[in-house]
Structures are given as C-alpha cells and as structure tokens.
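Chain by chain, the residues run as shown.
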Amino acid sequence: MESSIRDRCPYKIDIGAVYNVDPAKRTAYASSGSEKVFAPVERELVFDVDMTDYDDIRFCCTGADICLKCWPLMTIAIKVLDTALREDFGFEHILWVYSGRRGVHCWVCDVKARRLTNEQRAAVAEYFRVYKGNENNTKKVSLGGSAMHPSLLRAYVEVLRPFFEDQILSNQGLLQFEERYGKLLDMIQDDGIVAQAQDRWQSSRRSSETDVSVARWKQLKNLLESGKHKGSGLRRCVEEIIFSYTYPRVDFEVSKHMNHLLKAPFCVHPKTGRICVPIDAEECDRFDPTAVPTVADLIEELNKGEASLSNVAQNQKERDISKTSLMKSIELFRTQFLNPLLKSCKADVENSYTEKLHNTQTKLDW
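Note that this is a predicted model, so its numbers are computed, not measured.

S.K.: Before we move on, can you summarise the packing of aromatic side chains with the specific residues and values?
M.R.: Taken as a whole and judged by the stated rule, the model has 16 aromatic pairs. Taking 5.0 Å as the distance between ring centres and 75 degrees as the angle between the ring planes, the aromatic pair formed by F164 and W217 counts as edge-to-face. A residue pair is termed long-range when its members are at least 10 positions apart, and F164 in helix α6 (residues 150–172) and W217 in helix α9 (residues 212–226) qualify at 53 residues. Of the aromatic side chains, those joined through ring pairs into one cluster are F47, F89, F91, Y127 and F128. Over the ring of F252 we find R129; its NZ or CZ atom is 4.0 Å from the centre of that ring. Directly above the aromatic system of Y131 lies the positively charged group of R249, at a separation of 3.8 Å from the ring centroid.

What follows is the structure in structure tokens.
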C-alpha cells in the first residue's frame, strides 16, 4: 500500500465498499454473461455532517469557513449521534474523524453495521431525521404527541438545551438583530406572542444586558410558557425552536447507500492541507479544528527532527512520525478504535470456528 501511494501520489483517498468480485475485473463480469452481478456486500455504516448545512443559523461564517463560534454545532452532532448509536442501536466500534475542512465523518465498524442492507441503512438514518427544514417552510421541526421520544428527550436535556442556551445563542447573536430573530419568531404559531416579543425587542434596542440574545430568549420562553394554555400549538414550541437550531443535520444520502465513497482517515484535505484526524467523542468539547496539523506542519517537524540527527543516523533511520504533532492522533486511533476492533474481530472468528467445530462434532456423534 505504501509503495502504491508513493507511485500514484494521490491527493486524497476515498474508501468504499467490499465487493463480491475484484472491482478491477467488474467489466469482465458484466460482458461475459455471468450470473454473478458486481455488487457491494459489506461497508461501514457512515454519517457525514457538514457545516454548510447550518448556514441559515450561523452568522460568524459562511460556506467552507469555520471558527470556534460555530464549531459547537459539530460538537453537538458528535455527542447526539454517538450516544444514540451506542445506546439505542448497541454499536460499539465507532470512529469520528474531522473532515479536514468544515465537518465531521462517523464510521460505525461493528460487524452487524458493516453487513446492513441499503434498506436497513436507510432505516437507521431515518431514525435521525428530525430536522426537515428548507427555504420554503418556516417550521423546521415538529415534535408531535403527548410525550417526546426517549432518544430525543435525552438529546434535548443532556446536549441540545445546554449548548443552545450557553453557547449558540450568544455565539451567533441569534436574537440580537431583527433579521435574525425574525426567522425564529416565524416558527411560533401564535401572532399575539410574536407581536409582544417584537414590541419588547424593538423598544429596547439599546438593552443594558451584556448579552442581548440570552436576555431576549428568557423573555420569549416566559411568553411561550405562559401561553401554553391557549392551545396545543405552543406546547412544544420552545423545544422545537431548540431542535431546529441544534439537532444534527445529517447528509442522509451518504448513510443510505453501501457504494457511497467517504474520505479516508488521515488523508490530507486537498484545499486546506489539514489532516483528517480522529476525534475523541468523549472529549469532543476540547477539539479545535483550527489547531489540526497541516501537511506543511508535518514536513517542517520531520525536517527539524532530521536536522538533529547525525548523517549516519539519517541513513539508518526513517523519518520518525512519533516526533510530530500527528502522533497524538495516531495513538488515539490505535488505542480507542483500532485495537478494540481488532480484538472484536478475532473473537468473532474464534466463535465462528468453535461453532463450526461443535456442529461437525454433533453430526459425527449422530
């Protein structure tokens, strides 16, 4: 593999499915009249969350740009999806990777995940389809029913509400200007409450509050909660607003099909030069995308390491990646993902072998 990479010098590497025949020979199978159809048989369950899908609610950056004010939206996505995949579906071997530019990728590598059909993958993806907004509808989320689904309630209490009220509101200044809070008020199906909020906010443009958005959110919550008795339309209005601004916006087409390609971990992003490093889901609050090493950083670090070696040592020793800023990410990949996955795969092989032995012995005994 290393020799192939050096020969071809690719600017990125995508990973797809395992197929039933060698992909290089797929045309031969198609033209020979063989009954064997070229088809994917195994592939990790993957999720792609891109920051550009949040451009309608972030005002610090647009497009491919990111900063520490909008990155908490990716932190929310990691926390919500990782918990649900582990607790609701029972998956264990999950790898989160920074895309190198403006988003995150999730690789679910359990055996049962890798062997899901397209229909099953679509069903898992649909489980996370809560945000259904587009440019034509003002109400992006609808939480019907008398009780919230346990998975949504967990996400709301543990992640969405704290992040929205403590970070997103102030980071994005969601209620600071009329063109911003106008979008939020459009989600409220009560003209009286909307009018009250607009009157208060327009008359107090020069608020003494240090954070206008936080103060105005408290006012709006009080209005909505006091108006709940007017009708069921307001019963979940606060929750629906928070879900609209914070719930993960997954690219469902990526998750639904086995043959979809996704950039490999540790690639160099061709436009930013940043390395697609793994993210520790348990420590994702501390991840800083702006501090991720670039390929230029690594070259400089490797060259510095070589300069400190003697000529003899340089001839005898390969460039030492352990001296670079990438080593921490490599150790994370090995200890928290690769080694546990390898152990699990070995256990599956041993269990399968033991089962075959048992079946063979049973037949012989009979």
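Okay, back to it.
S.K.: A description of helix α5 (residues 118–127) should follow, citing residues and the corresponding values.
M.R.: For α5, every residue scored as buried is listed here: R121, A122, V124 and A125. The buried side chains of α5 occupy one side of the element, clustering within an arc of 160 degrees when seen end-on.

S.K.: I'd like to hear about the packing of helix α3 (residues 72–87) against α6, residue by residue, with values.
M.R.: When two helices pack together, their arrangement is given by the angle between their axes and by how far apart the axes lie. One way to put it is that α3 packs onto α6 with a least axis distance of 10 Å and a crossing angle of 170 degrees. Taken together, the axis directions place α3 and α6 in an arrangement best described as roughly antiparallel. Between α3, through P72, L73, T75, I76, K79, V80, T83, A84 and E87, and α6, the contact on the second element is made entirely by S151, R154, A155, V159, L160, F163, Q167, I168 and N171. Looking at the contact of α3 with α6, its residues break down into 10 nonpolar, five polar and three charged.

S.K.: I'd love a proper account of the pattern of salt bridges, names of residues and values included.
M.R.: Enumeration according to the criterion identifies 18 salt bridges in this entry. The salt bridge involving E44 is made with R43; its shortest N-O contact spans 2.9 Å. With respect to burial, E44 and R43 carry one shared label: buried. Here D285 makes a salt bridge to K79, at a shortest N to O gap of 2.9 Å. One end of the pair, D285, is in the loop between β8 (278–279) and α12 (295–307); the other, K79, is in helix α3, with 206 residues separating them in the sequence. Put simply, E42, R114 and R115 are held in one network by salt bridges that share partners.

S.K.: With reference to specific residues and values, describe the packing of α6 against α9.
M.R.: Between α6 and α9, whose axes approach to 9 Å, the crossing angle comes to 125 degrees. In terms of axis orientation, α6 runs oblique to α9. Of α9, the residues touching α6 (which contributes F164, E165, L169 and S170) are S213, V214, W217 and K221. Of the residues in the contact of α6 with α9, the class split is four nonpolar, two polar and two charged.

Rules used in this analysis
Residues numbered from 1 in each chain as written. Predicted model: local features only at pLDDT ≥ 70, side-chain atom pairs only at ≥ 80, totals over all residues. Heavy atoms only, no water. Phe/Tyr/Trp six-rings, centres within 6.5 Å; stacked < 30°, edge-to-face > 60°. Helix = DSSP H or I, 4+ residues; strand = E, 2+ residues; numbered from the N terminus. Lys NZ or Arg CZ within 6 Å of the ring centre and 35° of its normal. Buried < 20%, exposed > 50% of the residue type's maximum accessible area, 1.4 Å probe, protein only. Arc of directions from axis to C-beta. Axes fitted to C-alpha atoms, helices over the stretch in contact; angles between N-to-C directions. Parallel < 35°, antiparallel > 145°, perpendicular 65-115°, else oblique. Contact = heavy atoms within 4.5 Å. Nonpolar A, V, L, I, M, F, W, Y, C, P; charged D, E, K, R; others polar. Salt bridge = Lys/Arg side-chain N within 4 Å of Asp/Glu carboxyl O.

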